[in-house]
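This is what each chain is made of:
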Amino acid sequence: MAEAGGMTATRSHPGGLPRGLLLLMSTATGSAVAGNYFAQPLLDLIGRELGIGPSSAALVVTAAQGGYALGLILLVPLGDLMERRRLTVALYAATALFLLVSATAANGTVLLAGTALTALTSVGAQVVVPFAATLADPAERGRVVGTVMTGLMLGLLLARTASGALSELGGWRTVYWVHAALMALMAVLLRVLLPRLGGDGGRLSYPELLRSTVSMFRQEPLLRWRAGIGASSLAAFSVLWTASAFLLVGPPYGWTESVIGLFGLVGAAGALTATVAGRLADRGHVQTVTGAGAVLLLASWAAIAAGAHSPVWLLAGVIVLDLAHQAVLNSSQNVLYALRPEARNRINSAFMTSMFLGGAVGSALTSAVWVSGGWTGVCVLGAALSAGTAALWVLERLTAGRAAGRPPKTAAVRGLIRVLTTTKGE
(Lines give C-alpha, C1' and ligand atoms only; values in the text may rest on other atoms or scores of the structure.)
Protein backbone atom coordinates (compact mmCIF):
# COMPACT_ATOMS: atom_id res chain seq x y z
CA MET A 1 0.00 0.00 0.00
CA ALA A 2 1.01 3.63 -0.49
CA GLU A 3 2.51 5.57 2.37
CA ALA A 4 4.09 8.95 1.79
CA GLY A 5 7.81 8.58 2.16
CA GLY A 6 7.37 5.04 3.47
CA MET A 7 7.02 1.60 1.99
CA THR A 8 6.85 1.15 -1.74
CA ALA A 9 3.26 1.23 -3.01
CA THR A 10 1.97 -1.32 -5.43
CA ARG A 11 -1.79 -0.86 -5.16
CA SER A 12 -4.34 1.96 -5.01
CA HIS A 13 -4.02 4.54 -2.27
CA PRO A 14 -6.11 3.52 0.77
CA GLY A 15 -9.20 5.69 1.02
CA GLY A 16 -8.58 7.21 -2.39
CA LEU A 17 -6.18 9.85 -3.63
CA PRO A 18 -6.13 12.92 -1.32
CA ARG A 19 -7.57 16.01 -3.01
CA GLY A 20 -4.51 18.16 -2.36
CA LEU A 21 -2.18 15.60 -3.90
CA LEU A 22 -4.52 15.17 -6.87
CA LEU A 23 -4.49 18.93 -7.53
CA LEU A 24 -0.70 18.97 -7.28
CA MET A 25 -0.42 16.15 -9.81
CA SER A 26 -2.84 17.94 -12.13
CA THR A 27 -0.86 21.18 -11.87
CA ALA A 28 2.39 19.31 -12.40
CA THR A 29 1.22 17.70 -15.65
CA GLY A 30 0.05 21.03 -17.05
CA SER A 31 3.31 22.73 -16.08
CA ALA A 32 5.40 20.04 -17.74
CA VAL A 33 3.67 20.06 -21.14
CA ALA A 34 3.33 23.87 -21.29
CA GLY A 35 7.04 24.28 -21.95
CA ASN A 36 6.69 22.61 -25.33
CA TYR A 37 4.36 25.36 -26.56
CA PHE A 38 5.82 28.54 -25.07
CA ALA A 39 8.02 29.28 -28.10
CA GLN A 40 5.30 29.15 -30.75
CA PRO A 41 4.08 32.78 -30.47
CA LEU A 42 7.66 34.03 -29.85
CA LEU A 43 9.44 32.71 -32.93
CA ASP A 44 9.74 36.15 -34.53
CA LEU A 45 11.21 37.70 -31.36
CA ILE A 46 13.60 34.78 -30.88
CA GLY A 47 14.72 34.89 -34.50
CA ARG A 48 15.49 38.62 -34.40
CA GLU A 49 17.52 38.46 -31.18
CA LEU A 50 19.52 35.34 -32.11
CA GLY A 51 19.98 36.38 -35.73
CA ILE A 52 18.29 33.38 -37.30
CA GLY A 53 15.78 33.30 -40.14
CA PRO A 54 12.12 32.30 -39.91
CA SER A 55 12.71 28.78 -41.21
CA SER A 56 15.46 28.16 -38.65
CA ALA A 57 13.35 29.65 -35.87
CA ALA A 58 10.49 27.33 -36.82
CA LEU A 59 12.80 24.39 -36.12
CA VAL A 60 12.26 25.16 -32.41
CA VAL A 61 8.74 23.75 -32.76
CA THR A 62 10.07 20.71 -34.63
CA ALA A 63 12.70 20.12 -31.92
CA ALA A 64 9.98 20.17 -29.25
CA GLN A 65 7.86 17.66 -31.15
CA GLY A 66 10.78 15.34 -31.82
CA GLY A 67 12.06 15.46 -28.25
CA TYR A 68 8.63 14.72 -26.82
CA ALA A 69 8.12 11.78 -29.17
CA LEU A 70 11.44 10.26 -28.11
CA GLY A 71 10.56 10.77 -24.46
CA LEU A 72 7.26 8.95 -24.89
CA ILE A 73 9.04 5.99 -26.43
CA LEU A 74 12.24 5.86 -24.38
CA LEU A 75 11.40 7.26 -20.92
CA VAL A 76 7.72 6.74 -20.09
CA PRO A 77 7.97 2.89 -20.01
CA LEU A 78 10.54 3.23 -17.22
CA GLY A 79 7.62 3.87 -14.87
CA ASP A 80 6.94 0.13 -14.95
CA LEU A 81 10.53 -0.65 -14.00
CA MET A 82 11.76 2.08 -11.63
CA GLU A 83 10.48 3.51 -8.37
CA ARG A 84 8.04 6.05 -9.78
CA ARG A 85 8.49 8.93 -7.37
CA ARG A 86 12.21 8.93 -8.04
CA LEU A 87 11.66 8.79 -11.80
CA THR A 88 9.08 11.59 -11.71
CA VAL A 89 11.22 13.91 -9.60
CA ALA A 90 14.29 13.24 -11.75
CA LEU A 91 12.40 14.10 -14.95
CA TYR A 92 10.99 17.33 -13.50
CA ALA A 93 14.38 18.41 -12.14
CA ALA A 94 16.02 17.67 -15.50
CA THR A 95 13.34 19.71 -17.28
CA ALA A 96 14.12 22.70 -15.03
CA LEU A 97 17.82 22.36 -15.84
CA PHE A 98 17.27 22.15 -19.60
CA LEU A 99 14.98 25.20 -19.51
CA LEU A 100 17.93 27.12 -18.13
CA VAL A 101 19.92 26.06 -21.21
CA SER A 102 17.24 27.66 -23.41
CA ALA A 103 17.04 30.76 -21.20
CA THR A 104 20.77 31.43 -21.59
CA ALA A 105 21.09 30.35 -25.25
CA ALA A 106 23.48 32.57 -27.18
CA ASN A 107 22.61 31.14 -30.58
CA GLY A 108 20.04 29.06 -32.39
CA THR A 109 21.95 25.79 -32.03
CA VAL A 110 22.00 25.97 -28.23
CA LEU A 111 18.31 26.95 -28.16
CA LEU A 112 17.40 23.96 -30.34
CA ALA A 113 19.38 21.62 -28.08
CA GLY A 114 17.76 23.04 -24.94
CA THR A 115 14.30 22.78 -26.51
CA ALA A 116 14.77 19.16 -27.59
CA LEU A 117 16.13 18.10 -24.19
CA THR A 118 13.36 19.96 -22.34
CA ALA A 119 10.72 18.21 -24.44
CA LEU A 120 12.44 14.84 -23.90
CA THR A 121 12.15 15.05 -20.11
CA SER A 122 8.79 16.87 -20.04
CA VAL A 123 7.18 13.46 -20.57
CA GLY A 124 7.33 13.29 -16.79
CA ALA A 125 3.71 14.43 -17.18
CA GLN A 126 2.93 11.09 -18.83
CA VAL A 127 4.47 9.28 -15.86
CA VAL A 128 2.27 11.26 -13.46
CA VAL A 129 -1.00 10.30 -15.20
CA PRO A 130 -0.73 6.49 -14.68
CA PHE A 131 0.82 7.24 -11.26
CA ALA A 132 -2.43 8.96 -10.28
CA ALA A 133 -4.51 6.16 -11.81
CA THR A 134 -2.64 3.61 -9.69
CA LEU A 135 -3.05 5.59 -6.46
CA ALA A 136 -6.78 6.10 -7.04
CA ASP A 137 -9.49 3.75 -5.87
CA PRO A 138 -10.86 1.83 -8.89
CA ALA A 139 -14.33 3.31 -8.29
CA GLU A 140 -13.02 6.86 -8.77
CA ARG A 141 -10.27 6.26 -11.33
CA GLY A 142 -12.20 8.04 -14.08
CA ARG A 143 -12.58 11.21 -12.03
CA VAL A 144 -8.93 11.14 -11.00
CA VAL A 145 -7.63 10.64 -14.53
CA GLY A 146 -10.04 13.32 -15.78
CA THR A 147 -8.76 15.81 -13.21
CA VAL A 148 -5.10 15.16 -14.03
CA MET A 149 -5.79 15.37 -17.77
CA THR A 150 -7.65 18.65 -17.24
CA GLY A 151 -4.43 20.07 -15.86
CA LEU A 152 -2.48 18.72 -18.81
CA MET A 153 -4.87 20.18 -21.38
CA LEU A 154 -5.00 23.54 -19.61
CA GLY A 155 -1.22 23.68 -19.68
CA LEU A 156 -1.23 22.91 -23.40
CA LEU A 157 -3.95 25.43 -24.27
CA LEU A 158 -2.87 28.30 -22.01
CA ALA A 159 0.88 28.10 -22.66
CA ARG A 160 0.70 30.48 -25.61
CA THR A 161 -1.31 33.03 -23.62
CA ALA A 162 1.12 32.94 -20.69
CA SER A 163 4.09 33.08 -23.05
CA GLY A 164 2.86 36.26 -24.73
CA ALA A 165 2.19 37.97 -21.40
CA LEU A 166 5.58 37.09 -19.90
CA SER A 167 7.49 38.10 -23.03
CA GLU A 168 5.89 41.55 -22.94
CA LEU A 169 7.07 41.97 -19.34
CA GLY A 170 10.71 41.02 -19.84
CA GLY A 171 11.44 39.54 -23.26
CA TRP A 172 11.28 35.97 -24.52
CA ARG A 173 13.96 34.69 -22.11
CA THR A 174 11.73 35.60 -19.17
CA VAL A 175 9.39 32.81 -20.21
CA TYR A 176 12.13 30.22 -19.82
CA TRP A 177 13.47 31.64 -16.53
CA VAL A 178 10.02 31.64 -14.92
CA HIS A 179 9.17 28.18 -16.20
CA ALA A 180 12.50 26.76 -14.98
CA ALA A 181 11.73 28.06 -11.48
CA LEU A 182 8.22 26.58 -11.64
CA MET A 183 9.49 23.16 -12.71
CA ALA A 184 12.12 23.18 -9.94
CA LEU A 185 9.36 23.96 -7.44
CA MET A 186 7.25 21.12 -8.84
CA ALA A 187 10.17 18.72 -8.46
CA VAL A 188 10.55 19.66 -4.79
CA LEU A 189 6.81 19.39 -4.05
CA LEU A 190 6.51 16.05 -5.82
CA ARG A 191 9.52 14.72 -3.91
CA VAL A 192 7.99 15.75 -0.58
CA LEU A 193 4.35 14.82 -1.19
CA LEU A 194 4.27 11.86 -3.56
CA PRO A 195 4.26 8.38 -2.02
CA ARG A 196 6.87 5.87 -3.09
CA LEU A 197 5.51 3.60 -5.80
CA GLY A 198 7.51 0.66 -7.09
CA GLY A 199 7.50 -0.45 -10.70
CA ASP A 200 5.79 -3.75 -11.47
CA GLY A 201 7.87 -4.72 -14.48
CA GLY A 202 9.81 -7.36 -12.58
CA ARG A 203 13.39 -7.95 -13.64
CA LEU A 204 13.07 -6.76 -17.21
CA SER A 205 16.16 -5.18 -18.72
CA TYR A 206 15.76 -1.82 -20.47
CA PRO A 207 15.85 -3.34 -24.01
CA GLU A 208 13.30 -5.94 -22.89
CA LEU A 209 11.14 -3.14 -21.47
CA LEU A 210 11.10 -1.33 -24.82
CA ARG A 211 10.33 -4.54 -26.72
CA SER A 212 7.55 -5.24 -24.26
CA THR A 213 6.06 -1.80 -24.93
CA VAL A 214 5.88 -2.49 -28.66
CA SER A 215 4.49 -5.98 -28.05
CA MET A 216 1.54 -4.44 -26.19
CA PHE A 217 -0.03 -3.70 -29.56
CA ARG A 218 0.10 -7.40 -30.44
CA GLN A 219 -1.07 -8.62 -27.04
CA GLU A 220 -3.91 -6.16 -26.43
CA PRO A 221 -6.44 -5.74 -29.28
CA LEU A 222 -8.23 -3.03 -27.31
CA LEU A 223 -5.03 -0.99 -27.25
CA ARG A 224 -4.90 -1.12 -31.05
CA TRP A 225 -8.48 0.14 -31.34
CA ARG A 226 -8.05 2.87 -28.74
CA ALA A 227 -4.73 3.96 -30.23
CA GLY A 228 -6.47 4.46 -33.58
CA ILE A 229 -9.40 6.27 -31.96
CA GLY A 230 -7.08 8.53 -29.98
CA ALA A 231 -4.84 9.28 -32.97
CA SER A 232 -7.74 10.30 -35.22
CA SER A 233 -9.32 12.40 -32.46
CA LEU A 234 -6.09 14.29 -31.75
CA ALA A 235 -5.55 14.73 -35.49
CA ALA A 236 -8.94 16.49 -35.73
CA PHE A 237 -8.07 18.55 -32.64
CA SER A 238 -4.75 19.57 -34.20
CA VAL A 239 -6.43 20.56 -37.46
CA LEU A 240 -8.46 23.22 -35.66
CA TRP A 241 -5.66 24.64 -33.54
CA THR A 242 -3.18 24.66 -36.42
CA ALA A 243 -5.55 26.44 -38.82
CA SER A 244 -7.23 28.83 -36.39
CA ALA A 245 -4.30 31.27 -36.44
CA PHE A 246 -4.48 31.41 -40.26
CA LEU A 247 -8.18 32.25 -40.08
CA LEU A 248 -7.97 34.80 -37.28
CA VAL A 249 -5.18 36.95 -38.73
CA GLY A 250 -7.05 37.48 -41.99
CA PRO A 251 -10.40 39.03 -42.90
CA PRO A 252 -13.01 39.28 -41.50
CA TYR A 253 -11.24 38.89 -38.13
CA GLY A 254 -7.88 40.63 -38.43
CA TRP A 255 -6.89 39.83 -34.84
CA THR A 256 -3.45 40.61 -33.44
CA GLU A 257 -1.12 37.88 -32.17
CA SER A 258 -1.82 38.76 -28.54
CA VAL A 259 -5.58 38.44 -29.06
CA ILE A 260 -5.10 35.15 -30.90
CA GLY A 261 -3.11 33.93 -27.89
CA LEU A 262 -6.11 34.66 -25.68
CA PHE A 263 -8.19 32.47 -27.98
CA GLY A 264 -6.70 29.51 -26.12
CA LEU A 265 -8.89 30.46 -23.16
CA VAL A 266 -11.88 29.30 -25.19
CA GLY A 267 -10.43 25.83 -25.52
CA ALA A 268 -9.82 25.80 -21.78
CA ALA A 269 -13.58 25.83 -21.21
CA GLY A 270 -13.84 22.50 -23.00
CA ALA A 271 -10.89 21.05 -21.11
CA LEU A 272 -12.56 21.76 -17.78
CA THR A 273 -15.28 19.22 -18.59
CA ALA A 274 -12.85 16.28 -18.50
CA THR A 275 -13.81 15.41 -14.93
CA VAL A 276 -17.46 15.08 -16.00
CA ALA A 277 -16.47 12.44 -18.55
CA GLY A 278 -14.42 10.73 -15.84
CA ARG A 279 -17.33 10.59 -13.41
CA LEU A 280 -19.59 9.08 -16.09
CA ALA A 281 -16.92 6.46 -16.78
CA ASP A 282 -16.79 5.62 -13.07
CA ARG A 283 -20.54 4.95 -13.22
CA GLY A 284 -20.11 2.35 -15.95
CA HIS A 285 -20.80 4.57 -18.98
CA VAL A 286 -17.29 4.60 -20.43
CA GLN A 287 -18.35 3.33 -23.86
CA THR A 288 -21.22 5.82 -23.99
CA VAL A 289 -18.75 8.62 -23.19
CA THR A 290 -16.50 7.55 -26.07
CA GLY A 291 -19.38 7.27 -28.52
CA ALA A 292 -20.89 10.60 -27.49
CA GLY A 293 -17.47 12.23 -27.76
CA ALA A 294 -16.98 10.87 -31.28
CA VAL A 295 -20.44 12.08 -32.39
CA LEU A 296 -19.89 15.55 -30.89
CA LEU A 297 -16.44 15.73 -32.46
CA LEU A 298 -18.01 15.28 -35.89
CA ALA A 299 -20.93 17.64 -35.18
CA SER A 300 -18.61 20.42 -33.98
CA TRP A 301 -17.25 20.95 -37.48
CA ALA A 302 -20.60 22.28 -38.72
CA ALA A 303 -20.33 25.15 -36.23
CA ILE A 304 -16.61 25.60 -36.91
CA ALA A 305 -17.30 25.89 -40.66
CA ALA A 306 -19.93 28.57 -39.98
CA GLY A 307 -17.28 30.30 -37.88
CA ALA A 308 -15.51 31.48 -41.03
CA HIS A 309 -17.65 34.62 -40.77
CA SER A 310 -19.19 34.36 -37.29
CA PRO A 311 -17.17 34.48 -34.06
CA VAL A 312 -20.16 33.14 -32.12
CA TRP A 313 -20.32 29.96 -34.20
CA LEU A 314 -16.54 29.62 -34.11
CA LEU A 315 -16.41 29.88 -30.32
CA ALA A 316 -19.27 27.39 -29.94
CA GLY A 317 -17.60 24.91 -32.30
CA VAL A 318 -14.25 25.19 -30.50
CA ILE A 319 -15.81 24.52 -27.10
CA VAL A 320 -17.75 21.49 -28.39
CA LEU A 321 -14.70 20.07 -30.19
CA ASP A 322 -12.47 20.41 -27.13
CA LEU A 323 -15.16 18.87 -24.91
CA ALA A 324 -15.56 15.97 -27.35
CA HIS A 325 -11.83 15.34 -27.66
CA GLN A 326 -11.49 15.31 -23.87
CA ALA A 327 -14.32 12.77 -23.60
CA VAL A 328 -12.69 10.46 -26.14
CA LEU A 329 -9.26 10.78 -24.52
CA ASN A 330 -10.39 10.37 -20.92
CA SER A 331 -12.65 7.39 -21.60
CA SER A 332 -9.91 5.68 -23.63
CA GLN A 333 -7.44 6.07 -20.79
CA ASN A 334 -9.93 4.60 -18.34
CA VAL A 335 -10.44 1.58 -20.59
CA LEU A 336 -6.71 1.04 -21.10
CA TYR A 337 -5.58 1.57 -17.50
CA ALA A 338 -7.93 -1.23 -16.45
CA LEU A 339 -6.24 -3.74 -18.78
CA ARG A 340 -2.95 -4.53 -17.03
CA PRO A 341 -2.11 -2.53 -13.91
CA GLU A 342 1.47 -3.82 -13.91
CA ALA A 343 2.03 -2.40 -17.40
CA ARG A 344 0.22 0.95 -17.19
CA ASN A 345 3.26 3.03 -18.15
CA ARG A 346 4.04 0.86 -21.16
CA ILE A 347 0.41 0.96 -22.27
CA ASN A 348 0.37 4.73 -21.74
CA SER A 349 3.58 5.05 -23.75
CA ALA A 350 2.13 3.07 -26.66
CA PHE A 351 -1.19 4.93 -26.56
CA MET A 352 0.25 8.44 -26.23
CA THR A 353 2.87 7.84 -28.92
CA SER A 354 0.08 6.81 -31.30
CA MET A 355 -1.90 9.92 -30.35
CA PHE A 356 1.13 12.15 -30.82
CA LEU A 357 1.72 10.76 -34.30
CA GLY A 358 -1.93 11.36 -35.13
CA GLY A 359 -1.66 14.97 -33.99
CA ALA A 360 1.49 15.48 -36.05
CA VAL A 361 -0.21 14.09 -39.15
CA GLY A 362 -3.22 16.34 -38.55
CA SER A 363 -1.03 19.43 -38.31
CA ALA A 364 0.94 18.51 -41.43
CA LEU A 365 -2.20 17.87 -43.47
CA THR A 366 -3.71 21.16 -42.30
CA SER A 367 -0.85 23.22 -43.71
CA ALA A 368 -1.24 21.61 -47.13
CA VAL A 369 -5.05 21.77 -47.17
CA TRP A 370 -5.13 25.43 -46.10
CA VAL A 371 -3.09 26.46 -49.15
CA SER A 372 -5.41 24.75 -51.62
CA GLY A 373 -8.78 24.72 -49.86
CA GLY A 374 -8.79 27.49 -47.26
CA TRP A 375 -11.09 27.27 -44.24
CA THR A 376 -13.64 25.14 -46.10
CA GLY A 377 -11.00 22.56 -46.96
CA VAL A 378 -9.73 22.57 -43.37
CA CYS A 379 -13.25 21.91 -42.05
CA VAL A 380 -13.76 19.04 -44.50
CA LEU A 381 -10.46 17.54 -43.33
CA GLY A 382 -11.42 17.92 -39.67
CA ALA A 383 -14.85 16.39 -40.26
CA ALA A 384 -13.32 13.45 -42.16
CA LEU A 385 -10.90 12.71 -39.32
CA SER A 386 -13.74 13.00 -36.80
CA ALA A 387 -15.86 10.61 -38.85
CA GLY A 388 -12.91 8.21 -38.75
CA THR A 389 -12.92 8.44 -34.95
CA ALA A 390 -16.60 7.52 -34.83
CA ALA A 391 -16.14 4.68 -37.35
CA LEU A 392 -13.28 3.16 -35.34
CA TRP A 393 -15.39 3.22 -32.20
CA VAL A 394 -18.25 1.43 -33.99
CA LEU A 395 -15.81 -1.17 -35.32
CA GLU A 396 -14.42 -1.67 -31.81
CA ARG A 397 -17.94 -2.31 -30.52
CA LEU A 398 -18.62 -4.77 -33.34
CA THR A 399 -15.43 -6.64 -32.52
CA ALA A 400 -16.33 -6.67 -28.82
CA GLY A 401 -19.75 -8.09 -29.71
CA ARG A 402 -18.20 -10.97 -31.66
CA ALA A 403 -15.81 -11.72 -28.81
CA ALA A 404 -18.73 -11.84 -26.38
CA GLY A 405 -20.67 -14.20 -28.62
CA ARG A 406 -23.40 -11.68 -29.46
CA PRO A 407 -24.70 -11.08 -33.00
CA PRO A 408 -22.14 -8.83 -34.77
CA LYS A 409 -24.33 -5.73 -34.86
CA THR A 410 -25.63 -5.92 -31.33
CA ALA A 411 -22.77 -4.19 -29.52
CA ALA A 412 -22.53 -1.29 -31.96
CA VAL A 413 -26.29 -0.80 -32.20
CA ARG A 414 -26.69 -0.83 -28.42
CA GLY A 415 -23.83 1.63 -28.09
CA LEU A 416 -25.28 4.02 -30.65
CA ILE A 417 -28.71 3.86 -29.02
CA ARG A 418 -27.17 4.79 -25.65
CA VAL A 419 -25.30 7.69 -27.26
CA LEU A 420 -28.26 9.08 -29.18
CA THR A 421 -30.84 8.79 -26.38
CA THR A 422 -30.88 10.29 -22.93
CA THR A 423 -31.47 7.74 -20.21
CA LYS A 424 -32.65 8.64 -16.78
CA GLY A 425 -29.84 8.92 -14.28
CA GLU A 426 -27.01 9.44 -16.75
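Residues numbered from 1 in each chain as written. Predicted model: local features only at pLDDT ≥ 70, side-chain atom pairs only at ≥ 80, totals over all residues. Heavy atoms only, no water.

Novice: Now, about the environment of Leu24: what can you tell me, with residues and values included?
Specialist: Following the sequence through the fold, Leu24 ends up in helix α1 (residues 19–34). On the basis of relative accessible area, Leu24 is assigned to the buried category, the value being 10%. C-alpha of Leu24 to C-alpha of Gly151: the two residues are 127 residues apart in sequence and 9.4 Å apart in space. Apart from the residues lying within four places of it in its own chain, the contact partners of Leu24 are Met186, Leu189, Leu190 and Leu193. (Helix = DSSP H or I, 4+ residues; strand = E, 2+ residues; numbered from the N terminus. Buried < 20%, exposed > 50% of the residue type's maximum accessible area, 1.4 Å probe, protein only. Contact = heavy atoms within 4.5 Å.)

Novice: Let's hear about unusual backbone geometry: which residues, and what values?
Specialist: The omega angle of the peptide bond from Pro251 to Pro252 is 5°, so this bond is cis rather than trans. Note that Pro252 resides in the loop between α10 (221–249) and α11 (257–262).

Novice: Run through the packing of helix α2 (residues 43–50) against helix α8 (residues 172–193), naming residues and quoting values.
Specialist: Between α2 and α8, the least distance of the axes is 9 Å, while the angle of their chain directions is 110°. On the basis of their axis angle, the class for α2 and α8 is roughly perpendicular. Facing α2, whose interface residues are Leu45, Ile46, Glu49 and Leu50, α8 presents Trp172, Arg173 and Tyr176. By residue class, the composition of the contact of α2 with α8 is 5 nonpolar, no polar and 2 charged. (Axes fitted to C-alpha atoms, helices over the stretch in contact; angles between N-to-C directions. Parallel < 35°, antiparallel > 145°, perpendicular 65-115°, else oblique. Nonpolar A, V, L, I, M, F, W, Y, C, P; charged D, E, K, R; others polar.)

Novice: Report on the environment of Ser332, specifying residues and quantitative values.
Specialist: Mapped onto the elements, Ser332 comes out in helix α15 (residues 311–337). Exposure remark for Ser332: the relative accessible area of 0% places this residue in the buried category. Expressed as a C-alpha distance, the spacing of Ser332 and Ala227, which sit 105 residues apart in the sequence, is 8.6 Å. Other than its neighbours up to four places away in sequence, Ser332 contacts Arg226, Ile229 and Phe351.

Novice: How would you explain the packing of helix α14 (residues 286–306) against α15 if you had to name every residue and give the values?
Specialist: The interhelical angle for the contact between α14 and α15, taken along N-to-C directions, is 160°, at an axis separation of 7 Å. Judged on the interaxial angle alone, α15 and α14 are roughly antiparallel. Every pair of crossing elements has a handedness; the one defined by α14 and α15 is left-handed. In terms of residue class, the contact of α14 with α15 is built from 19 nonpolar, 8 polar and no charged. (Left-handed = near helix turned anticlockwise from the far one by under 90°.)

Novice: Quick one: what's the story with α8, residue by residue and with numbers?
Specialist: Along its 22 residues, α8 runs 32 Å from first to last C-alpha, staying within 8% of the 32 Å computed at 1.5 Å per residue. Within α8 the residues assigned to the buried category are Trp172, Val175, Tyr176, His179, Ala180, Met183, Met186, Ala187 and Leu190. Across the axial projection of α8, the buried residues extend over an arc of 130°, all falling on one side. Tucked into the core, α8 has its buried residues touching α1, α2, α4 (84–103), α5 (108–121) and α7 (141–170). (Expected span 1.5 Å × (residues − 1). Arc of directions from axis to C-beta.)

Novice: Quick rundown of the confidence of the model for the protein chain? Include the residues and the values.
Specialist: Model confidence for the protein chain is summarised by a mean pLDDT of 85, while 86% of its residues fall at 70 or above. Low pLDDT, under 50, characterises residues 422–426; the predicted model gives this stretch 4 contacts beyond four residues in sequence or across chains. (pLDDT = per-residue confidence, 0-100.)

Novice: Could you give an account of a nonpolar patch on the surface, with specific residues and numbers?
Specialist: Together, Leu182, Leu185, Val188, Leu189, Val192 and Leu193 make up a nonpolar patch on the protein surface, roughly 490 Å² of accessible area in all. Residue position: Val192 is located in helix α8. The class of Val192 is exposed, set by a relative accessible area of 59%. (Patch = residues over 30% accessible without salt bridge, like charges linked within 9 Å, V, L, I, M, F, W, Y side chains within 5 Å. Areas by Shrake-Rupley, 256 points an atom, 1.4 Å probe, with all protein chains shown as cover. Salt bridge = Lys/Arg side-chain N within 4 Å of Asp/Glu carboxyl O.)

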